[in-house]
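Take a look at the letters that make up each chain.
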Amino acid sequence: MESPSPDRLRPHPDQRFTGQQHAFDLAAAAQTLRAELQSGQAGHRQTSLYKHGPTSVSLFLFGRLTRLPPHRTNGVVCIQVLKGHLRVMADGATHDLKDGGLLVLAPRVEHDVVAHVESEMLLTIHLDPG
């Protein structure tokens, strides 16, 4: 894989997402993300691990008491907590997710995410066609 250009933190997606198979060491990916010199937005950092067609897989690192504001997407959302404690509010329901917790949301369900402690989250989205 080629090195990122000086104006990019990571290799271009055309390089990262090519190929038929992708294996990830999530602990190593989190360590690499944590070591990036530029700070994350609003107390969190993220990187896209994979994207093809309607499917994307991203790794998020949250600082204590940081959040993603309420939002929705036109696809199935899978939130998996690798480490930490996230509280997800989804259409009025509260979900406390800790290490190994998984939440699957139907398309267009409004939700937000709050990290109660430093946390790592794997987010998979599969967009609806059209």
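Preceding this section is the structure that the text describes.
Residues numbered from 1 in each chain as written. Predicted model: local features only at pLDDT ≥ 70, side-chain atom pairs only at ≥ 80, totals over all residues. Heavy atoms only, no water.

Asker: So what exactly am I meant to see when it comes to the overall build of the chain here?
Answerer: Of regular secondary structure, the chain possesses two helices and nine strands. Secondary structure elements of the chain occur, N-terminal to C-terminal, as α-α-β-β-β-β-β-β-β-β-β. The burial tally for the chain puts 35% of its 130 residues in the buried class. When contacts within the chain are restricted to residue pairs at least 6 apart in sequence, long-range pairs at least 24 apart make up 63% of them. (Helix = DSSP H or I, 4+ residues; strand = E, 2+ residues; numbered from the N terminus. Buried < 20%, exposed > 50% of the residue type's maximum accessible area, 1.4 Å probe, protein only. Contact = heavy atoms within 4.5 Å.)

Asker: Hey, could you run me through the sheet that holds strand E2 (residues 55–62) in this one?
Answerer: Neighbouring strands of a sheet are bound in pairs by backbone hydrogen bonds; such pairs are parallel or else antiparallel. Taking strand neighbours across the sheet as the criterion, the five strands line up as E1-E2-E9-E4-E7 in an open arrangement whose pairing is antiparallel. The open sheet is flanked by strand E1 (44–52) and strand E7 (102–105), the only strands paired with a single partner. The mean inter-strand angle of the sheet, taken between neighbouring strand axes irrespective of direction, is 15 degrees. Strand direction decides the pairing type here: strand E4 (residues 75–83) and strand E9 (residues 119–127), joined by eight bridges, are antiparallel. Bridging across to E9, Val81 finds its partner in Met121. Each of E1, E2, E4 and E9 touches helix H2 (residues 26–35); the most contacted strand, E2, lies at about 60 degrees to it. (Pairing = 2+ DSSP bridges. Axes fitted to C-alpha atoms, helices over the stretch in contact; angles between N-to-C directions.)

Asker: So what exactly am I meant to see when it comes to the nonpolar core here?
Answerer: Note that soluble globular proteins tend to have their nonpolar side chains buried in a common cluster. Within the largest apolar cluster, 18 residues are counted, with the highest numbers of intra-cluster contacts made by Phe62, Ile79, Leu86, Leu105, Val113, Met121 and Leu123. Counting residues per element, the ones that place at least two in this core are E2, E4, strand E5 (85–90), E7, strand E8 (111–115) and E9. When neighbours within four sequence positions are excluded, Phe62 is seen to be in contact with Gly43, His44, Leu68, Leu86, Val113, Ala115, Val117, Glu118, Ser119 and Met121. Within the second largest apolar cluster, eight residues are counted, among which are Ala29, Leu33, Leu49 and Leu59. (Core = buried A, V, L, I, M, F, W, Y, C linked by side-chain atoms within 4.5 Å.)

Asker: Honestly, the pattern of salt bridges in this entry has me stumped. Any pointers?
Answerer: Oppositely charged side chains can pair when the atoms bearing their charge come close. Applying the stated criterion across every chain, the model contains five salt bridges. When the shortest N-O distance is used, the salt bridge between Glu110 and Arg72 registers 3.4 Å. Remark: Arg72 occurs in the loop between strand E3 (67–71) and E4 and Glu110 occurs in the loop between E7 and E8; sequence separation between them is 38 residues. Judged by relative accessible area, which is 35%, Glu110 ranks as partly exposed. (Salt bridge = Lys/Arg side-chain N within 4 Å of Asp/Glu carboxyl O.)

Asker: Is there a simple way to think about H2 in this case?
Answerer: Note: α-helices contain 3.6 residues per turn, so residues at a spacing of three or four share the same orientation. Here H2 has its buried residues at Ala29, Ala30 and Leu33. Looking straight down H2, one finds that the buried residues subtend no more than 100 degrees of arc, so they occupy a single side. Summarising the geometry of H2, the exposed residues directed more than 90 degrees from the buried face are Ala27, Gln31, Thr32 and Ala35. Sitting at the amino-terminal end of H2 is Asp25, which places a side-chain oxygen 3.2 Å from the backbone nitrogen of Ala27. (Arc of directions from axis to C-beta. Polar contact = N/O pair within 3.5 Å; in protein donor to acceptor, adjacent residues only side chain to side chain.)

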